[in-house]
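# Analysis of the macromolecular model
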Amino acid sequence: MYKIHCRLLLVILLQSALLATAQVAVTSRTSKTGSPRRAAPTTLLQSGPMVGYSDSREVALWVQTNKPARVQIRYHEAGKPSPAYLTSEVQTHEKTAFTAHLLANQVEPGKKYAYELLIGGQKVSLPYPTTFQTQNLWQWRTDPPAFRFGVGSCTYVNETAVDRPGTPYGNGYEIFTALNAQKPDFMLWTGDNTYTREVDWNSRTGVLRRYTHTRSLPQMQPLLASTHNYAIWDDHDYGPDDSDRAYWLKPVTLEAFKLFWSNPNYIFDEGCTGTFTWNDCQFFLLDDRTFRAPDAMPDGPEKTYFGEKQMRWLIDALRFSKATFKFIITGGQIVNPSAIFENYAVYGTERERLFTAITEARIPGVLFITGDRHHTILQKLDRSGTYPLYDLTVSPLTSGPAKPRPEELKQSTVIDGTLVTDRNFGLLSVSGPLNDRVLNIKVYDQKGIQRWTRDLRAAELK
């Protein structure tokens, strides 16, 4: 009998131990409420969060996960943790590359806000600030506030398996750290913001994978998280090199562009054309690919660059604008008279039409910001009886640098001392009273060292 009791006791103790082990295992997979434990929110984050457009009453935010997840933003006025507000919650899906657009619409004009990313209701801890701002209500009250913005084009992120053999084309990713250190109010991405490869541009899967690969660059994340971002595209994020209106998958790349950027508007159903204002300045985001005729086509009225309806809209919008500076943002160089590569001069008939329209309509304050050429330079086109047209080309961010051809540097439009053939970015500032605004242009290399600076007064562009 004693032996039986001992055996029973041993069985009971063994069962208790197994039950306790099972309970520990279950507890490790459940929360304190008894619900199944979710994956740590940080492990679900693919890229972002990114701050999109800013207005007085709303701010766009963006994030990408790596699998289906519920995402949300909690935000509050900087320095005032209470009250806090929540955006609507968005469920990410594979069909949209797990991207989410969120809207902070409980904001007031002229405020700065801190925010937190929530995935599955849990805060994602990030090692850098996450902030945004709303635009000021200054009209009829004060002079417009000073502001500054970053400019850059041509972002190539290496992927050895599908890149061309040899020396990697991309490098200098620390440029995003240098750019973020300048604390611009917003960033203008002026085309070739990613580079589709041969394995990408024939399929939706390839396009979305390329956009995801570039956006996930670690050095880029702090800049995205606290600087408002606006973008256009050029050939490499639109399609293959030098692609035009014949590109067969342009509806797919447009879908990708809209999934990965948070511009405030799109003027047409096709293309990335849009506009936004910041204080007393207006930015016209032009599409130089969707309506573009082939480069090799003979010049004439039928050889379009921006295309008829985009041209009509641009001239009408410039006429309507009361902005001090009217920045026209596009990929290829506009002022450079050399009819080579993809310069606007290759489309001479349309180029002349645009310049004539600006002159005849007496539109003040127009200047161009361009990219594409893998070097930076400032050019100035003198015009009889009116102000000169300036074109600031800023390129590249992380792609391979290139030099202009010798004949280009002999053009009368070139402003001495502004050529940079290293990786670089621009930082533009607008300041001063409304009746005497000044645009300051600074160019920095990838280490954050200033290479040159110039001032342009609004009074010079009238």
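Ordered by their spatial adjacency, 6 strands build an open sheet running 13-14-15-16-18-17, and the pairing between neighbours is mixed. The two strands at the open ends of the sheet, each matched to only one other strand, are strand 13 (274–278) and strand 17 (377–381). With strand direction ignored, the average angle separating the axes of adjacent strands in the sheet is 20°. Judged from the 3 bridges that link them, strand 16 (residues 366–370) and strand 18 (residues 389–393) form a sheet pairing that is parallel. From the neighbouring strand, Thr 370 faces strand 18, where its bridge partner is Thr 393. Of the strands in this sheet, strand 13, strand 14 (281–285), strand 15 (326–329) and strand 16 are in contact with helix 8 (residues 308–320), which crosses strand 14 at around 180°. Along the sheet, helix 9 (residues 348–360) makes contact with strand 16, strand 17 and strand 18, crossing strand 16 at roughly 145°.

Between two aromatic rings, the relevant description is the distance of the centres plus the angle of the planes. A full pass over the atoms with the stated rule returns 38 aromatic pairs. Measuring from centroid to centroid gives 5.7 Å for Tyr 75 and Tyr 85, while their planes differ by 35°, and the two rings are tilted. Residue Tyr 75 is found in strand 3 (residues 70–77), and its partner Tyr 85 is found in strand 4 (residues 85–86); the two are separated by 10 residues along the sequence. Where Phe 268 meets Phe 291, the ring centres are 6.1 Å apart and the plane angle is 85°; that geometry is what we call edge-to-face. Of this pair, Phe 268 sits in the loop between helix 7 (250–260) and strand 13 while Phe 291 sits in the loop between strand 14 and helix 8, and the two are 23 residues apart along the sequence. Each member of the pair, Phe 268 as well as Phe 291, is classed as buried. An aromatic cluster is defined as three or more aromatic residues linked by ring pairs; in this entry it consists of Phe 147, Phe 149, Phe 186, Tyr 230, Phe 276, Trp 278, Phe 283, Phe 325 and Phe 327. Directly above the aromatic system of Tyr 266 lies the positively charged group of Lys 258, at a separation of 4.7 Å from the ring centroid. Positioned above the aromatic ring of Phe 320, the side-chain terminus of Lys 322 is 5.2 Å from the ring centre.

What counts, and where the lines are drawn
Residues numbered from 1 in each chain as written. Predicted model: local features only at pLDDT ≥ 70, side-chain atom pairs only at ≥ 80, totals over all residues. Heavy atoms only, no water. Pairing = 2+ DSSP bridges. Helix = DSSP H or I, 4+ residues; strand = E, 2+ residues; numbered from the N terminus. Axes fitted to C-alpha atoms, helices over the stretch in contact; angles between N-to-C directions. Contact = heavy atoms within 4.5 Å. Phe/Tyr/Trp six-rings, centres within 6.5 Å; stacked < 30°, edge-to-face > 60°. Buried < 20%, exposed > 50% of the residue type's maximum accessible area, 1.4 Å probe, protein only. Lys NZ or Arg CZ within 6 Å of the ring centre and 35° of its normal.

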